[in-house]
Amino acid sequence: MAAVAQQGEQSFFPISEISTYHAKWVIRARVTMKGLQRSFSGRDGKSGQVFNVQLLDESGSEISASFFGPVAEMYFPKIDQGKCYTLTGGSVRIANRQYNRCNHRYEIVFDRNAQVEEVADIATIETVKYTFTDLHALGNKTMPFSTDLCCVITSVKPVVSFTSKDGKDLTKREITVADDTSTSISIALWGERAKQEDKIFEGNPVICLKGVLVREFNGGRSGSLMEAGALDMTPKFPEAERVRAWWSKSGASANLTNISSALSSNREGLMDLKTLSEKTLPCAVDLCGVVVSFRPIFSFTSKEGKELVKREITIADDSALSMSVTVWGDRAKQDDKLFEGNPVVFIQGVLVKEWNGGRSGSLLEAGSLTFKPETPEGQKVQQWWSAGGSSQSIGQLSQEGGGGTRGPAANAKPATVAEMRQASETVGAEVQVFNVPCRLALVQTMKKGEMQPLYYLACQEPRAGTTLLCNKRVSEDGFCAACNRLGKNAPRLNLRCRFSDFADSAWLTTFHEPAQGLLKTTAEEIRALETGGGGRDAVEAILRQKYFMEPLLVTVRAKMDSYNGEQRTNITCVDAQPLQRGPHGRALLKNIREMIGMLSDTGLMGGA
């Protein structure tokens, strides 16, 4: 039985005890954060309003709550951040960690039964509840995530005003902060917080920030203070006193590790592409290779309104492997003639990440690009290319986008379903990739009697500094937590598929591109079928036509992931193509000959 807080004859349910097991409750809490009211469009095409708040009570527990539909329109003008209210009539569900930044296991949804009344200020309820994370620990957390920070401002940039891609006038200011772990990070402040006078940020003040969204940017980690967050320029917490003491004693002269810079801590020096194919990603490296192909310059506008220019080049080296590298700005604008004729290049500061089951690089701003380097490495690559490398068969580390159009990854191992399963069970820190001949046996459409979604709505806005789309799942109202805004979205397939070969079968998560290649249809067509007159039955009829119909070469990626702090193997189908029967048949004949030879050598084959 949960304890309750009482005031006169009124009893209040502690937020710490909120769960799906308690249906009727009244809570009394302070609104510590209030988000903007946003419009959303549901799966049925109907639009509505939504806004989010965070509620803190005397128990010291905080929970996230959302107001949907008519009650959002009713209560948005009546609820103010910082004031206290009694609230009842909401439903409780497990917190969605993709969008929920509170530590509470549950979250509240207020709809037509909601009742909210303002009460006098409760002095025993804190104004803001901080859950601090030190900056060193940020480097080990899975992005994106939201956190609270207590730190000292080490540098500040001028205010910048610009117009976003959506036509909104935005203002931001970047500050760099550090704490007593001798770690620093860049934080973006927005709107009125950014417009504060420069002198407020001068003199290395210690500050507390609530609701900092941390994301990957250019191989590092950067933060953005969310609009519903909080900024305290004169904190009096014990954590703030500790940071002040550190800065005064030794922090001002300390050698800080900047986790916003990929080159500050994890650059691994010059390596060939064969070695790079075995490195744990992401990593920052230097490369020396010959330009085997290049693409035209591509200009675009980032979501922050910046005009960007990029060019993709493919380089190869004497390990007979190639990889795509993106160069930016003035380096991309260089004359095409520089890239023609297969010149040798030395590239310092390449951020390499996984993309579509392959590996792709991006030249960081702090890096460099040198044509025809007069170094031993450059001479070695040039000699290899001149002596026959130009006519050699070269494997590809990078895979181009588009379902069903890519080749198998260069480092993929041929395997049966059983061999793939066995190898995946022992995968370590290094990603393993397999090419598995098999057929599509089944797509999971039901689980424990409940219909399984076959697609989700994904953000279609470009990532910062690139033309690549975000593709993160958006909330019901179309809000993308990764981009921290509303934007365009589109359906993307997310299937659980069972693949079978001659002896075994395995269930694999199959995302958008390979899923579209498997089904020979698009996510938009699947959604149109499901929302049309035929409903799910029409979709399942299409799926049944694909089962066991075509031999496939499925590329499977196995890697270790962290889920709720627990390490587990993530096995995913990253590509699916029609099996090339000729090469596959020749490979089988080769295996048969090798087995016959082994039997002959051991004397197990009888003679006439």
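Everything discussed here concerns the structure shown above.
Can you break down the nonpolar core residue by residue, with the values?
Counting 30 residues, the largest nonpolar core has Met420, Leu440, Val443, Phe499 and Val554 as the members making the most contacts within it. Considering each element in turn, this core owes the most residues, five residues, to strand β25 (residues 432-443). Excluding its chain neighbours within four sequence positions, the residues that come into contact with Val443 are Leu454, Leu495, Arg496, Cys497, Leu543 and Tyr547. The next biggest cluster of nonpolar side chains, apart from the first, holds 25 residues, and it includes Phe13, Ile18, Ala29 and Ile79.

Before we move on, could you go through the packing of aromatic side chains and cite the residues and values that matter?
Enumeration over the complete set of coordinates arrives at 13 aromatic pairs. Here the aromatic rings of Phe51 and Phe67 are separated by 4.8 Å at their centres, their planes lie at 0°, and the arrangement is stacked. Placement of Phe51 in strand β5 (residues 47-56) and of Phe67 in strand β6 (residues 62-68) is noted, with a sequence separation of 16 residues between them. Plain terms: the ring middles of Trp384 and Trp385 are 5.7 Å apart, the flat faces sit at 55° to each other, and that makes the pair tilted. A single burial state applies to Trp384 and to Trp385, both of which are buried. Aromatic ring contacts, followed pair by pair, group Trp25, Phe51, Phe67, Tyr75, Phe76 and Phe110 into a single cluster. One residue, Lys34, lies across the ring of Phe76, its end atom 4.0 Å from the ring centre. Above the ring of Tyr456, the side-chain terminus of Arg473 is found at 4.5 Å from the ring centroid.

Tell me what's going on with helix α9 (residues 376-386), and back it up with residues and numbers.
Where α9 is concerned, the buried positions are Gly378, Val381, Trp384 and Trp385. Burial along α9 is one-sided: seen end-on, the buried residues are contained in an arc of 130°. In α9, the exposed positions that point more than 90 degrees away from the buried face belong to Pro376, Gln383 and Ser386. Considering only its buried residues, α9 is in contact with β17 (283-294), β19 (307-316) and β21 (344-355). Residue Gly388 follows α9 closely and has a positive phi angle near 140°.

Reading guide: rules and limits
Residues numbered from 1 in each chain as written. Predicted model: local features only at pLDDT ≥ 70, side-chain atom pairs only at ≥ 80, totals over all residues. Heavy atoms only, no water. Core = buried A, V, L, I, M, F, W, Y, C linked by side-chain atoms within 4.5 Å. Buried < 20%, exposed > 50% of the residue type's maximum accessible area, 1.4 Å probe, protein only. Helix = DSSP H or I, 4+ residues; strand = E, 2+ residues; numbered from the N terminus. Contact = heavy atoms within 4.5 Å. Phe/Tyr/Trp six-rings, centres within 6.5 Å; stacked < 30°, edge-to-face > 60°. Lys NZ or Arg CZ within 6 Å of the ring centre and 35° of its normal. Arc of directions from axis to C-beta.

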